[in-house]
Every structure is written in structure tokens, then in C-alpha cells.
Amino acid sequence: MQLYISPSMRQVTVFPGKGVREFIKVKVTSRRLSCKMVIYSLLFLTFLLRFIFVLTAMDTIEGETRCSSLGCIGKRLDPRMWRRLDSVRVPEEIYQVLEEAEIQEAMPRADVPQTLEAFVAEMKSNRSDAKTFALRLKAMKTRVAKIQEYLYRHVASSSIPKPLHCLALRLAQEHSTNAGARLQLPAPERVPALVDPGLYHFVLASDNVLAAAVVAASLVANAFRPAAVVLHVITDRKTYAPMQAWFSLHPLAPAVVEVKALHHFDWFTRGRVPVMEAMERDRAARSQFRGGSSAIVANVSEKPIVVAAKLQALSPKYHSVMNHIRIHLPELFPSLNKIVFLDDDVVVQADLSPLWDIDLQGNVNGAVETCRGADKFVMSKRLKNYLNFSHPFISENFDPRECAWAYGMNVFDLDAWRKTNISVTYYHWLQKNLESDLSLWQLGTLPPGLIAFHGHVHVIDPYWHMLGLGYQENTTVADAEKAAVIHFNGRAKPWLDIAFPEIRPLWTKYLDFSDKFIRACNIRA
């Protein structure tokens, strides 16, 4: 067989052997590429690239020990390429650490890098292994996320929600235009009940109308003898009109409800109130506490939980007169001998009249301890959790292991209180804290209360007061329903959007959402 190629390279002739003249001509096309060929080539390349991508992705996802048939073929075809991919694959150990729920406390929290740049610089200098890399990365991200969460919650809890502001304004308007919203509380024929020692006297200090409405409604609804319940509501000057309008238009008969502003108390207006003056100075100092919230968040040496406590100390609630006024209960109610004081973020779920049968054994304050209980997160508070024992004023006078107790639902023997110097002690330690640049304690009114009532507390059954519903969601609804009083202490108040939705219905069930004021202000369950 012979092969003949023309000089133009466009024709090839094949001569078979044995002299047979039959031949085959093959024409070669032009070297120019047609548009059709370009399109076919691009389609082929697109398919090929997708195939390579899928093959690589499948093998990367399945890992070293499990490989798809395509992946295994690819490895056998070009092992050098796959070794290059293996060298940049994220080690499985990093994934395992990042997926763990808890961070191992392998290093001090203050040593956690604060920025991505600091983290990269540290990794370059230390040449850490994969596990250390993952732990420190997760610790950094977790710390940043927690502090941001605490800051956002602080902002949310410190502001007045629009529905609550709306409610106060509408009630104030109703107070000015409707005589029925300005009724004398209580009615003249029930005024003697205000000083009757044979009745059950409760005191509620609040500038939040909605919160006070829930406390009052739950208290009366669960009382075995509502006619024996006397509720003394104390508020400030700006909230008096809305508060009086609410309780005038929403009577809780046969219970007796009294609404008074601080300026209505003779004792409060007669002269100087030392603890109020100290509180005002304390509020002014705390407004610039450590440079404010931005400086607190920027402090890289603090643990997130300490940052949260300092932010909470800036909350307006802890600077409110309503939060400090309880230290002067004997002066505010000189005719009463025993009362139960309720915070405005509680819900009463049982009859509280048995509290009057508790023998306080000469003590002033009947309270629930917060260092013993099934919930180790909530019921693990001792004096060291509230007071600064690195300061000699504190360490020389108190035991850090001593159990703390809770505000929110307290039985006060006012007769026994009047025989002590508790109020003077409270003022004395507020002054010391100011002189010590607010270094003796940081959070609210409980620390000076722990000091002032030290040695005057009688422990009562935890059934009467369940804590922590405003800062953790571990408490189940079933457990909460077993308590006589549940306390939403913490930032997640039930009237805020940041409230825990599982337990919020325990609070909202005492609101009538068909009420015209509730509907007008878009307050929803």
C-alpha cells in the first residue's frame, strides 16, 4: 500500500497493493476554525471543568478514609495533584473542636486574642498545632459574640419600649380628661384598712404601670381572701397620674389598692433624706462608670460575665429611687408592723397569706437564700459574688463563703426593724463605696442591702420565691408553675421583646389584651 500526499497538503491518496487501481482520497479541511467548532470546544471544556470540580468536591467532603469511585480514579490518575490538595485541606481535628458545644478552658480568658489581626500574628509567632489553633479561634469568636450579646441586651433593657411609653401617655391623658380616672384610691370607706394590722399588707414600688398591673392582678387573683389584701403602690411624680388612672379604671375589689407618689409622704418631704442624697451621687458617678458602656466592652481583660455585670450596673433600674426606697419602709409606713415587699418584675402564683404566720425569730428580713438549690446556675450566689473581697473594707468585715439572699419577695418585720440601725448602715456603706471610687461592689442595690441587713435575715422556704427567669432559660414552665412567686430578675423582662418566649406566658396571662389601652398601644401576648 502506498500513500500519496499532495503538495498543498489538502489531499491524501491511498493506493492499495497488488496493482489494483482502487484508491481512497481523503480531503483535509482548511486550517481556519469555524464558529461551530469553537462552540463545541467551549461546551466540552465547560463539561470537563464541572466534572473536575464535582470530583474534587466529593473527594474533599468524604475525606481520606472514604472516597468515591470518581475520587479514587482521580487519585490514581495523578497522585501528585491530590497530594497538593491534601496539603491544604483543613485538618479534621479543627472541625471536631469547632463543633464542640463548650470551649475547653485551656488558657486564661484575658489571654484570648481580641481581634483577627492579633490572632493571625499570634499564630505566626507561636506556630501552634491544629487543636490549639481551633481552641483559640473559637474562644476569640465566642468572647466577641457574648460581649456583643450582652451589649445589645443592655441597650434593649435600658430603653423604654414604645408600647410602655404609649401606655403611660394615654393613661396620663385619660387622667386629665376623665374624672373616673382620678378616683380617690382607696374609696373613703376603705381608708381605715390602710393601717389595719389584721390585714395582709403588700408594698410595691414601681414606675412601670404595666408591670405593676400584672403584680397586682396576680396577687389578688391568687389570694384566698382578696378582701383582706391591701396593696400599697409607691411611684414617682411623673408616673403618679398614669398609675392612678390605671387602678381607678381597673379596680381589684374587694382588695384595697392605694396609689401614692413619693412626694405624698410627709416623712419624705419634711427634710433631708440621707440615703436619697447618697443615691443621687451614686447615680451621677455611675453614669460615667469606667467610661460608660463603650469602655466596659472595650476592656479586653474582663471575662464576658464580668462585662455583663458591669453593664447591668449601668441600668437605669438600679439608679431609680423606686429601687432604693425599700430601705425606708419603717418611716413610710409608721402604723404597720409587718409587710411583704414585692418587686415589679414578679408574678404571684399562690396565696401569700401564710407568710404572716412565719416566725422571723426576732429578725427583720425573711428572704430566700441563693446558695442552695437544684439549679446550680441560679442558686449558687454567695457574698463573694456581689462584694469585692480584694478590698480591705469588705474582707475585714464579711465572709466570702456566706450565703447571699434575694430581693424581690421579702417579709419585713417593721417593729423589729425600728429597733435596729439598718437604714443608717445602708447609708454609711453607700458613702464608703463612693469614697472608694465605687470599688466595693458594682451591681445594683442588693450589695448594700446584703451589708445593711447582715445578721438580720431569717431564711424562708425557696418555694416562696423562684429566681432567675430574666437571665436564663433553663427553668421549665412546669418547675416555674410550682413556685408561689416567680421573679424575672435580669435583663429579659417579660414586657420586653428579649424576654424568653417559653416562660413569658406566665406573666402575660394576667393581662387583658382586649383592654382598650392595651390594644391602642399594640401590646401583644
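Anyway, here's the lowdown on the structure attached to this text. (Residues numbered from 1 in each chain as written. Predicted model: local features only at pLDDT ≥ 70, side-chain atom pairs only at ≥ 80, totals over all residues. Heavy atoms only, no water.)

For the structure on display, the rule yields two disulfides. In this model, Cys166 is linked to Cys521 through a disulfide, with the two sulfur atoms separated by 2.2 Å. Here Cys166 and Cys521 share a disulfide; its torsion about the S-S bond, -75°, makes the bridge left-handed. Of this pair, Cys166 sits in helix H7 (residues 162–177) while Cys521 sits in the segment after helix H22 (516–520), placing them 355 residues apart in sequence. (Disulfide = S-S within 2.5 Å. Helix = DSSP H or I, 4+ residues; strand = E, 2+ residues; numbered from the N terminus.)

Attention now moves to H7. Taking 1.5 Å per residue as the helical rise, H7 with its 16 residues ought to reach 22 Å, and the 23 Å between its terminal C-alpha atoms agrees with that figure. Looking at H7, one finds that the buried residues are Leu164, Cys166, Leu167, Leu171, Glu174 and His175. (Expected span 1.5 Å × (residues − 1). Buried < 20%, exposed > 50% of the residue type's maximum accessible area, 1.4 Å probe, protein only.)

Relative orientation of the contacting elements helix H8 (residues 209–221) and helix H9 (residues 237–249) amounts to 35°, with a least axis distance of 10 Å. Crossing of H8 over H9 shows right-handed handedness. Between H8 and H9, the residues in contact are Val209, Ala212, Ala213 and Ala216 and Thr239, Pro242, Met243, Trp246 and Phe247, respectively. Considered class by class, the residues forming the contact of H8 with H9 number eight nonpolar, one polar and no charged. (Axes fitted to C-alpha atoms, helices over the stretch in contact; angles between N-to-C directions. Left-handed = near helix turned anticlockwise from the far one by under 90°. Contact = heavy atoms within 4.5 Å. Nonpolar A, V, L, I, M, F, W, Y, C, P; charged D, E, K, R; others polar.)

Moving on: the pairing of strand E10 (residues 409–413). Most of E10 is tucked away, with four of its five residues classed as buried. Taken together, the two bridges between strand E9 (residues 365–367) and E10 define a ladder with antiparallel strand orientation. Within E10, the residue paired with Asn365 across the bridge is Phe412. (Pairing = 2+ DSSP bridges.)

Before going further, it helps to examine the side chain of Asp515. Here Asp515 lies in the loop between helix H21 (505–508) and H22. This buried residue, Asp515, is left without a salt bridge; Arg519 holds the nearest opposite charge, at 7.3 Å. Residues contacting Asp515, with those up to four places away along its chain left out, are Trp246 and His250. (Lys, Arg positive; Asp, Glu negative; His and termini not counted. Salt bridge = Lys/Arg side-chain N within 4 Å of Asp/Glu carboxyl O.)

Once that is clear, we can look at unusual backbone geometry. Look at the link from Leu185 to Pro186: it is a cis peptide, with omega at -5°. Along the chain, Pro186 falls in the loop between H7 and strand E4 (200–205). A cis amide bond links Ala253 to the next residue, Pro254, at an omega of 10°. Tracing the backbone shows Pro254 in the loop between H9 and strand E6 (256–261). Backbone geometry at Gln361 places phi at a positive 55°, although glycine is not the residue there. Take Gln361: its relative accessible area is 60%, and that puts it in the exposed class. A positive phi angle is found at Asn522, which is not glycine, with a value near 60°. As for its placement among the helices and strands, Asn522 is situated in the segment after H22.

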